[in-house]
Amino acid sequence: MLDGNAIAGLTVDIFGVDMTVAVATCARCGSHGPLAETAVYMRGPGVVVRCRHCDAVLAVVVERRGVYCVDLSGLSALEAVTDEESRIST
Amino acid sequence: MNWRVGIVVDLRAETDRVASIALRLAGWPGHRAGQHVDVRLTAEDGYQAQRSYSIASAPDDAELVLTVERIEDGEVSSYLVDELRPDDELELRGPIGGYFVWEQSLGGPLVLLAGGSGIAPLRAMLRHRLRSGSAVPVRLLYSARSQSELIYRDELADAGRRGGVDVRFTLTRERPDGWQGYDRRIDRELIAEVAWPPAERPLVYICGPTAFVETAADALLALGHDPGRIRTERFGPTGG
Amino acid sequence: MHISRGFHGRHREQADPGRVPPGQYVTSDFPVLSAGPTPRVSAEQWTLSLVGELDQPRSWSWDEFRALPREDITVDIHCVTKWSKLDTAWTGISVDTLLEGTDTPALHVLAHCDGGYTTNLPLEDVTGGRAWVAYAYDGEPLDPEHGGPARLLVPHLYFWKSAKWLRALELRLDDEPGFWESYGYHNYGDPWREQRYDGD
């Protein structure tokens, strides 16, 4: 089990920008923090991102033949800062 | 963020299991200390495998350095540590990561807690701190199983002799004769000794295996440190 | 595509092509794949239940479960991540044994596991000697990382259907997609027809 840093590159593929500093809010328990601090399970048929506090599934990414299928329904919010400085870091 | 191809210009065995790979990359945009790259390997039949590795070199180093630990059954790490040769090409993309980064403008004081190969991005931070003329006080605690498994040992010991830099080691499975460092797994007492008290509001970066990171982070929170001033990066196998 | 000199990937075994479904590689490793933390449950707490569309729900404690007639089987397993492992040796209780004597109008099964994982299968795919609840691998108790105390074992389908940390089989009249099925994986998952994803 890793953390959101392990999917930084994947978030660039999906969102066009590194989302590890984006604040993720768990739809089940309401806890929130940077995506980098979520629990990430990568060794499987897909990537599963879980809430560190309640284990709820926040997001699932499945790659099917070159296309990313992204389910974010476990997040009630994912807030990214869009200032130029954070863009430069990717 | 596109894939680019770097040339291996140097390979260095750091320990029995760990190698540092120095790469030359045309048009590399530069990086911030703590960031990583994704490396992609492709076999002749098209089979691909991809892994992330922290950049172990400082932003102003001439070459990009990745420090890789060979893990058991690791198809990418065993290639990088055992097979790669100078002049080989390596496909990678980056730099990646905006969370686990330190630059002198972020200030300090700075606490770096490293477990095993988690020392790699923290070495980049330490080099940046030393090269940038920053006066931010820094304390590094590096945990490894044995003396022979301490990566960059001489460089880190030398850094620890510089003003404002304190480097300590702890070994978890060995106590060599004459050893001056600690000899146990990190725990709350050890972290309390090494880190500044919460009132100093240090910036803390923790990197290593998941269990190490969680023990360290829990200890810091129990000591009263602000979770917003603690950044963590867990290392582990990602191959399926 | 940039080729990496000298890279071959995880060691791939040679195998009789008749045993290897399309798009698969054969390995002797046994990688641990998971979607969440490894649950830990003691033998004292563990139960296995049959629930849903049957005359009487059934439940076994660990000791009761282990007292059922067991089978040693050797099967090939195929993971949707493209790895196949041949001649894997398991010990378990046939699902037929668990269902013996029950009367059910159910056509579908939903497996429920510690940690919340689920997977769905047609009832006919877990009966007729095609499925087991396995508690040992290679003669040793099944490691928690590989699904211990007990997992479902359905070798003729992709291995995500062989649900780890099994606690209940729910017999249903209608089909309810499980975890990976609701995130885009195929509802049935036949490796021989390469049914990896929804719509294949």
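Rules of the game
Numbers given for residues are sequential positions, taken from 1 along each chain in its written order. As a convention, the first chain written is A and the first ligand written is 1, with the rest following in written order. In view of the model being predicted, local features appear only for residues whose pLDDT reaches at least 70, and side-chain atom pairs are presented and counted only at 80 or more, with totals across whole chains, interfaces and linings using the full set of residues. Contact between residues is assigned whenever the C-beta positions, reconstructed from backbone atoms, fall within 7 Å. Polar here means any residue outside two lists: the nonpolar Ala, Val, Leu, Ile, Met, Phe, Trp, Tyr, Cys and Pro, and the charged Asp, Glu, Lys and Arg; Gly therefore counts as polar. Helix and strand labels come from DSSP, where a helix needs a run of H or I of at least four residues and a strand needs a run of E of at least two; each type is numbered from the N terminus. At least two bridges found by DSSP between two strands are what make those strands a pair. To obtain each axis, a line is fitted to C-alpha atoms, and for helices this fit is confined to the stretch in contact; angles are then taken between N-to-C directions over 0 to 180 degrees. pLDDT gives the predictor's per-residue confidence on a scale running from 0 to 100. Given a helix with a known number of residues, its expected span is that number minus one, times 1.5 Å. For every residue, the other C-beta atoms within 10 Å of its own C-beta are counted; 20 or more classify it as buried, 12 or fewer as exposed, and values in between as partly exposed. C-beta atoms are placed from the backbone. In plain words, the nonpolar core is the set of buried Ala, Val, Leu, Ile, Met, Phe, Trp, Tyr and Cys residues that C-beta atoms within 7 Å link up. Domain ranges listed in this record stem from an automatic or a database domain assignment.

Considerations on the interface of chain C and chain B
Taken together, the contacts link 14 residues of chain C with 16 residues of chain B. Among the residues making up the side of chain C that touches chain B, the classes are represented as 5 nonpolar, 6 polar and 3 charged.

As for the interface of chain B and chain A
Contacts between chain B and chain A engage 20 residues on the former and 20 residues on the latter. Among the elements of the structure, β6 (89-96) and β11 (230-235) of chain B are those that each provide at least two residues to the side of chain B that touches chain A. Class assignment for the residues of the side of chain B that touches chain A results in 6 nonpolar, 9 polar and 5 charged.

Considering the sheet that holds strand β2 (residues 47-52) of chain C
Residues and elements named next belong to chain C. Taken together, the 5 strands give an open sheet; going across it, the order is β3-β2-β11-β6-β7, and neighbouring strands pair in mixed fashion. Because the sheet does not close on itself, it has two edges, and the strands there are β3 (58-61) and β7 (118-122). Each strand axis lies, on average, 15 degrees off the axis of its neighbour in the sheet, ignoring direction. Inspection of the sheet shows strand β6 (residues 108-113) paired to β7 by 5 bridges, in the antiparallel sense. Its bridge partner being in β7, Ala111 is matched across the sheet by Thr119.

A word on the sheet that holds strand β9 (residues 165-171) of chain B
Residue and element names in this part refer to chain B. The parallel open sheet is built from 5 strands, whose spatial order is β9-β8-β7-β10-β11. Edge strands, defined here as strands with exactly one partner in the open sheet, are β9 and β11. Shown here is a sheet whose adjacent strand axes are inclined to one another by a mean of 10 degrees, direction ignored. Strand direction decides the pairing type here: strand β10 (residues 203-209) and β11, joined by 6 bridges, are parallel.

Describing the confidence of the model for chain A
Of the residues in chain A, 91% have a pLDDT of 70 or more, and the chain-wide mean is 90. In the model, residues 86-90 of chain A has pLDDT below 50 throughout and makes 14 contacts with residues more than four positions away in sequence or in other chains.

Some details on helix α2 (residues 119-131) of chain B
All names here are of chain B. Spanning 13 residues, α2 covers 18 Å between terminal C-alpha atoms, matching the ideal 18 Å at 1.5 Å per step. Among the 13 residues that make up α2, 11 are buried, leaving the element largely enclosed by the rest of the structure. All of the buried residues along α2 are Ile119, Ala120, Pro121, Leu122, Arg123, Ala124, Met125, Leu126, Arg127, His128 and Arg129. Just downstream of α2 lies Gly133, where phi reads positive at about 75 degrees.

Some details on the pairing of strand β11 (residues 166-172) of chain C
All names here are of chain C. In terms of strand pairing, β2 meets β11 through 4 bridges, oriented parallel. What sits directly across from Ser49, in β11, is Ala168. Two strands pair when backbone bridges link them, and β6 and β11 are joined in this way by 6 bridges, in the antiparallel orientation. By the bridge assignment for β11, His112 is matched with Ala168.

Quick word on the nonpolar core
Counting residues in each nonpolar core, the largest one holds 143 residues, and the members touching the most others are Leu112(B), Leu140(B), Ala216(B) and Val133(C). Counting residues domain by domain, this core receives three or more from each of domain 1 (4-96) and domain 2 (104-235) of chain B. Ignoring sequence-local partners within four residues, the contact set of Ala216(B) consists of Leu113(B), Ile186(B), Ile191(B) and Ile206(B).

Some remarks on unusual backbone geometry
Cis geometry is adopted by the peptide bond preceding Pro109(B), which originates at Gly108(B) and carries an omega value of 5 degrees. With an omega dihedral of 15 degrees, the bond running from Gly148(C) to Pro149(C) counts as a cis peptide bond. Assignment of secondary structure puts Pro149(C) in the loop between β9 (140-141) and β10 (151-153). Positive phi, normally seen in glycine, also occurs at Arg65(A), with a value near 50 degrees.

Things to note about the environment of Pro21(C)
All names here are of chain C. With respect to the helices and strands, Pro21 occurs in the segment before β1 (25-26). Residue Pro21 is classed as partly exposed on the basis of its C-beta count, with 16 C-beta atoms lying within 10 Å. For Pro21 and Thr102, which are 81 residues apart along the polypeptide, the C-alpha to C-alpha distance reads 35 Å. Residues in contact with Pro21, not counting those within four places in the same chain, are His78, Ser84, Pro191, Trp192 and Glu194.

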